[in-house]
Amino acid sequence: MKKFIQSPLYIVAFLSVLFFSSCSKDAVEPDASLDYIQLASGFATGTSTHVELYATDSAFTGYNKLYVLLKDSATGKPVDKAVVTLNPMMDMTTMSHAAPKENPVSTTAVNHFFPCSVSFIMPSTAGKWTLGIQIQNLENGKSGTVNFTINVKAPASDKIFSFKSLSDNTTTYFVGLVEPSKPIVGINDLELVIYKKQSMMMFPADSSLSVIMTPEMPTMNHGSPNNVDPVHTINGHYKGKVNFTMTGFWRLNLKLKSGSTVVDSTHYIDITF
Ligand SMILES: [Cu+2]
């Protein structure tokens, strides 16, 4: 053990861990009030670019806000101009499918980060998730892809659900919770995201539904006043307000309508805080 600690290789390894961790900490500040963890990192083949994937939590079934950090492999400096394209894929042995995702809206990084999202629709216990990240580095003109294996956990209560529309009994939609991610007592921003399953590989954002949201505390038999039903804003995101009058176990009952037709009224999202 003593020999190992004194070995020059060990010291080099230790110093480089210090160097790289301090480097990435400096760059990790899309929101300084949050702690970011690195989910994966690796080189995108042929791009001379190191790709680092961050989130505020380990990957889970639901809407995951992700942050891609690119670094020039020679200088270690952040690459702030790039086209970043996500390709989430689940291998379930007998078949594969993708997942709803949002590529970064801009080719310019925000504080060195490219914000994006993936809505994992199943946990890794059902198969193997790979997140392909294709990079077009606009600073050196090189393009390539890195593939990350992502371990997706099922949260204690579902943060995403799917339903088949009652109006045609075939169209499948996914509804995911975006906010509140840090619930408080009082009025919270409520944000849902809705995707339509067009095929196993295509999950476009859906703006066509309306949502009626009724919060309740199932174990205490009461709801709350002054809630605002989420309405579509942009790219399948629906925004409203939810009022939590106390801490504890809350259930957001959701009724989804297409025009005046109820297409689902059996699902809810639970939030305990
Ligand atoms: Cu699957």
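Chemist: What is the right way to look at unusual backbone geometry in this model?
Modeler: Note: most residues except glycine have negative phi, and most peptide bonds are trans. Residue P180 is bonded to the preceding E179 through a cis peptide linkage, with omega at 5 degrees. Mapped onto the elements, P180 comes out in the loop between β11 (172–179) and β12 (186–197). Positioned with a positive phi, S48 is a non-glycine residue whose angle comes to about 50 degrees. Turning to its location among the elements, S48 is positioned in the loop between β1 (37–44) and β2 (49–55). What makes S48 partly exposed here is the crowd of 17 C-beta atoms within 10 Å. The phi torsion at N111 lies on the positive side, around 50 degrees, for a residue other than glycine. Following the sequence through the fold, N111 ends up in the loop between β6 (101–102) and β7 (113–120).

Chemist: Help me understand the sheet that holds β1 in this model?
Modeler: What holds strands together in a sheet is hydrogen bonding between their backbones, with the strands either parallel or antiparallel. Taken together, five strands build an open sheet; the order of strands is β1-β2-β3-β7-β6 and the sheet is antiparallel. Every interior strand has two partners, whereas the edge strands, β1 and β6, have only one. Of the pairings in the sheet, the one linking strand β3 (residues 62–72) to β7 comprises eight bridges and is antiparallel in character. By the bridge assignment for β7, Y63 is matched with S119.

Reading the values: rules and limits
Residues numbered from 1 in each chain as written. Predicted model: local features only at pLDDT ≥ 70, side-chain atom pairs only at ≥ 80, totals over all residues. Helix = DSSP H or I, 4+ residues; strand = E, 2+ residues; numbered from the N terminus. Buried ≥ 20, exposed ≤ 12 C-beta atoms within 10 Å, placed from the backbone. Pairing = 2+ DSSP bridges.

So yeah, pure geometry; function would need other evidence.
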